[in-house]
Amino acid sequence: MESSLSPHTTHALAGARLLIVEDDFLLLMDLEEVLLDAGADVQACRAIADALRLAEKERISAAILDVRIGPDSIAPVARKLAARGIPFVFYTSQLGNDPMMAEWPNSRTISKPALPQVIVKAVAEMLRA
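Definitions and cut-offs
- Residues numbered from 1 in each chain as written.
- Predicted model: local features only at pLDDT ≥ 70, side-chain atom pairs only at ≥ 80, totals over all residues.
- Heavy atoms only, no water.
- Buried < 20%, exposed > 50% of the residue type's maximum accessible area, 1.4 Å probe, protein only.
- Helix = DSSP H or I, 4+ residues; strand = E, 2+ residues; numbered from the N terminus.
- Pairing = 2+ DSSP bridges.
- Polar contact = N/O pair within 3.5 Å; in protein donor to acceptor, adjacent residues only side chain to side chain.
- Contact = heavy atoms within 4.5 Å.
- Salt bridge = Lys/Arg side-chain N within 4 Å of Asp/Glu carboxyl O.

1. Overview of the pairing of strand E6 (residues 88-92)
Here is step 1 of the chain: Of all the 5 residues making up E6, 5 are buried; the element is thus mostly covered by neighbouring parts of the structure.
Here is step 2 of the chain: With burial as the criterion, each face of E6 is covered, one bearing Phe88, Phe90 and Thr92 and the other bearing Val89 and Tyr91.
Here is step 3 of the chain: Summarising the sheet, strand E3 (residues 62-65) and E6 pair through 3 bridges and their orientation is parallel. What sits directly across from Leu65, in E6, is Phe90.
Here is step 4 of the chain: Inspection of the sheet shows E6 paired to strand E7 (residues 109-111) by 3 bridges, in the parallel sense.

Now the structure itself:
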């Protein structure tokens with residue numbers, strides 16, 4: 001994923017504190033770079049236990065969640081975020097294939113890989129809602 005953003009999206013996420021949960025190291029690094037370039041403060045992790053700890057205690061504006069972290073479902077993290085009123089978007093290649101996603105039918109889903117502008121726009125819209 002190339003992280004070049006247009007001038008309109010460069011600071012689109014200024015002041016936002018985002019949680020990224022992604023088990024693929026390269027995708028995680030790409031997402032982190034895109035969101036940092038857009039002005040966000042980013043907390044990134046690759047494990048459910050780390051994500052749960054962050055989702056429970058940290059100040060988070062929104063989250064980007066892979067549906068599967070290894071063999072594990074992201075559902076416990078999504079439930080924790082939902083209980084705290086923190087919005088999230090699913091970032092996955094398993095569009096509509098995971099029964100866990102039925103629990104959040106109105107949550108936005110971004111298909112992997114996505115252009116940086118698509119990711120930033122989705123997060124910015126989620127923060128405004």
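Okay, back to it.
2. Here's the deal with the side chain of Glu22
Here is step 1 of the chain: If you trace the backbone, Glu22 turns up in the loop between strand E1 (17-21) and helix H1 (25-37).
Here is step 2 of the chain: A polar contact is formed between the side chain of Glu22 and the side chain of Lys112, at a distance of 2.9 Å.
Here is step 3 of the chain: Beyond its immediate chain neighbours, meaning those up to four positions away, Glu22 contacts Leu27, Leu28, Cys45, Arg46, Asp66, Ile69, Tyr91 and Lys112.

3. Thoughts on the pattern of salt bridges
Here is step 1 of the chain: One pass over the structure, following the stated rule, counts 8 salt bridges.
Here is step 2 of the chain: Here Lys80 makes a salt bridge to Glu56, at a shortest N to O gap of 3.5 Å. With a gap of 24 residues between them, Lys80 in helix H3 (residues 75-83) and Glu56 in helix H2 (residues 48-57) connect regions that are remote in the sequence.
Here is step 3 of the chain: A relative accessible area of 43% means that Glu56 is categorised as partly exposed.
Here is step 4 of the chain: Ionic pairing is found between Asp66 and Lys112, a salt bridge with its closest N-O pair at 3.0 Å. Residue Asp66 is found in the loop between E3 and strand E4 (68-69), and its partner Lys112 is found in the loop between E7 and helix H4 (116-128); the two are separated by 46 residues along the sequence. Comparing Asp66 with Lys112 shows no difference in burial state: the two are buried.

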